[in-house]
Amino acid sequence: MTTSITPIDALCVADYQRLAKDVLPHDIYEYIFGGGGDEITLKHNRTALDAIQLWPRVLNDVTHGTTMTSILGEFWRSPIMLAPVAFQCMAHEEGEIATARAASALEIGMIVSTLASHTVESISEKLTSPKWFQLYWQLDRDFNVELVRRAEKSGYSALVVTVDSAIHGIRNRAQRANFVLPDGITAVNLINRPPLPSNAFTPDQSIIFQGMMSEAPTWKDIAWLIKQTSLPVLIKGILHPADAIKAKSIGAKGVVVSNHGGRTLDCVPSAIDVLPVIRQSVGGEFTVLMDGGVQRGTDVFKAVALGANAVLIGRPQVYALAVAGAAGVAHMLRILREELEVAMSLAGTATIEDIKVSPAYTNIVSSGCVTYL
Ligand SMILES: Cc1cc2nc3c(=O)[nH]c(=O)nc-3n(C[C@H](O)[C@H](O)[C@H](O)COP(=O)(O)O)c2cc1C
Ligand SMILES: CC(C)CC(=O)C(=O)O
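What counts, and at which threshold
Sequence positions are assigned chain by chain, starting from 1 and proceeding in written order. Lettering for chains starts from A, numbering for ligands starts from 1, and both go in the order in which the items are written. With pLDDT at 70 or above as the cut-off, local features in this predicted model cover only qualifying residues; side-chain atom pairs require 80 or more to be listed or tallied, and sums for whole chains, interfaces and linings still use all residues. Hydrogen atoms and water are omitted, and side-chain values are computed over all heavy atoms in the structure. Confidence scores labelled pLDDT are given residue by residue by the predictor and lie between 0 and 100. Grouping buried Ala, Val, Leu, Ile, Met, Phe, Trp, Tyr and Cys residues that are joined through side-chain atoms within 4.5 Å yields what is termed a nonpolar core. Only protein chains enter the accessibility calculation, which uses a 1.4 Å probe. A residue is then buried if its area is under 20% of the maximum for its type, exposed if over 50%, and partly exposed in between. Secondary structure elements are taken from DSSP: a helix is a run of H or I of four residues or more, a strand is a run of E of two residues or more, and numbering for both begins at the N terminus. Whether two residues are in contact is decided by their heavy atoms, any of which lying within 4.5 Å being enough. Two strands form a pair only when DSSP identifies at least two bridges running between them. Only the stretch in contact is used when fitting a helix axis, every axis being a line fitted to C-alpha atoms; angles between N-to-C directions are given from 0 to 180 degrees. For this purpose, a residue is taken to be near a molecule or strand whenever a single non-hydrogen atom of the residue falls within 4 Å of it. Throughout this description, a polar contact denotes any pair of N or O atoms lying within 3.5 Å of each other; where both atoms belong to protein, one of them has to be capable of donating a hydrogen while the other can accept it, and for residues adjacent in sequence the pair is counted only when both atoms sit in side chains. Residue burial considers only the protein chains on display, and all accessible areas are found by Shrake-Rupley using a 1.4 Å probe. As a working rule, the residues Ala, Val, Leu, Ile, Met, Phe, Trp, Tyr, Cys and Pro are called nonpolar, Asp, Glu, Lys and Arg charged, and the rest polar, with Gly in that last group. Each angle gets one of four labels, with under 35 degrees taken as roughly parallel, over 145 as roughly antiparallel, 65 to 115 as roughly perpendicular, and the rest as oblique.

Of all residues in the chain, 93% attain a pLDDT of 70 or more, and the chain-wide mean is 92. Per the prediction output, this complex has pTM 0.95; the corresponding ipTM is 0.98.

Attention now moves to the nonpolar core. In terms of nonpolar packing, the biggest core is built from 102 residues, with Val257, Ile272, Leu275, Met290 and Met332 touching the most fellow members. Considering each element in turn, this core owes the most residues, 18 residues, to helix α13 (residues 315-347). Discounting residues that sit within four places of it in the chain, Val257 has contacts with Ile238, Leu239, Ala271, Val274, Leu275, Ile278, Val288, Leu289, Met290 and Asp291. Counting 13 residues, the second-largest nonpolar core is a separate cluster that includes Ala83, Ile111, Ala158 and Ala310.

All right, on to the sheet that holds strand β10 (residues 287-291) then. Reading around the barrel, the 8 strands line up as β4-β5-β6-β7-β8-β9-β10-β11 and close back on themselves, with parallel pairing between neighbours. On average, each strand axis in the sheet is inclined to that of its neighbour by 30°, with strand direction left out of account. Both strand β6 (residues 131-135) and strand β7 (residues 158-162) contribute to a ladder of 4 bridges, which runs parallel. Residue pairing across strands places Phe133 opposite Leu159, the latter belonging to β7. Against the sheet, α13 makes contact with β4 (80-82) and β11 (310-313), and its axis sits at roughly 170° relative to β4, the strand it touches most.

This part is about the site of ligand 1. Neighbouring ligand 1 are 20 residues, the closest being Pro84, Ser113, Thr162, Asp291 and Gly293. Here a nitrogen atom of ligand 1 and a side-chain polar atom of Gln134 are 3.2 Å apart. Note that a nitrogen atom of ligand 1 is positioned 3.4 Å from one of the side-chain N or O atoms of His260. Its free accessible area being 610 Å², ligand 1 has 97% of it covered by the protein chains. Per-class residue counts for the shell around ligand 1 are 7 nonpolar, 9 polar and 4 charged.

Looking now at the packing of helix α1 (residues 13-23) against α13. Between α1 and α13, the shortest axis-to-axis distance is 10 Å and the interhelical angle comes to 170°. Our classification of the angle between α1 and α13 gives roughly antiparallel. Side by side, α1 and α13 meet where Val13, Tyr16, Gln17, Leu19, Ala20 and Val23 of the first sit next to Pro316, Tyr319, Ala320, Ala322, Val323, Gly328, His331, Met332, Ile335 and Leu336 of the second. In terms of residue class, the contact of α1 with α13 is made up of 13 nonpolar, 3 polar and no charged.

Residues of α1 that are buried include every one of Val13, Asp15, Tyr16, Gln17, Leu19, Ala20 and Val23, and no others. Against α2 (26-33) and α13 lie the buried residues of α1.

In structure tokens, the structure reads:
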């Protein structure tokens, strides 16, 4: 599936999407690109970011500028990390191994999915930048701990528990394209999972409520899980300030403000819209990451200005992987980092800490579409 690209073919992250559409089988592209329901949230993730304006400051000396930052005590080259994305061997034969090599080369962190198509151990071996493990809660409690121990043992430094997708959203786009997981691609980290109990349903029972959701975790489960590990735990899929506060109160060390790239419940707000409210609810010291629609350095800048410590990049990593393997992902990350440097330079902000909404203007900024610096 890999093609040879030149820098002129892919000048920006969106170019990788266009090129990926040509190289990926139609059903796989539709699965990756698609959102839930009518894709209202998927579209809104982009339109909400586009609506924010940057009000630059001129003549600031930025020659000492840097995108470096520190998250949960770790050094990060820039406030950008690769989001957990399942089954990457669908996009490229090397899958997550190639992504890990690219992330390491660019010193960008990676969150490895429970549903990775390579083992957590083999990906870890290739990953020298910050490496976090994403957990999809498993019905068997002990098996969750087993996965966490494997992550701890292979050097992952944080655990991200995704809580917004106990069941898929309505995925009509993938259904219309007849998407099925290609032969040979499996959730290799789950092969030793104890068998799930078989459910028999009476006609008055719901296959959703009494079926699939009976396996979904609750706050109690996550609070228990946090106590099982010394790794910092972040909760991914938070959109409500009350849930962010709750996450903090049960001992989570951070949240990822996310609507799962518009792939789960449709019609929820874009992550960027709720980000400032969530930041306000948890205070300045708590780690808040954000994802959904981030495709430009200016998007990273906007998210940081509105309260994110860093952003996660979802689909663009798979598009770049499909187009050019590790080289594609590395190139895509480099584009993003350089775009962020350009945005910072031209906005007059030399450091990540400098990117903020000036308190003098916050009353006007609360209109939600203007960022003063
Ligand atoms: C193909 C695909 C697979 C995904 N797999 C996972 C996953 O295994 N775990 C998870 O927490 N999120 C998963 N996500 C959601 C991403 O982590 C992220 O929240 C989302 O893609 C961000 O939006 P963006 O694609 O617009 O950057 C997946 C997203 C896509 C597109
Ligand atoms: C297999 C899915 C649960 C992976 C995922 O999170 C997604 O497709 O959004």
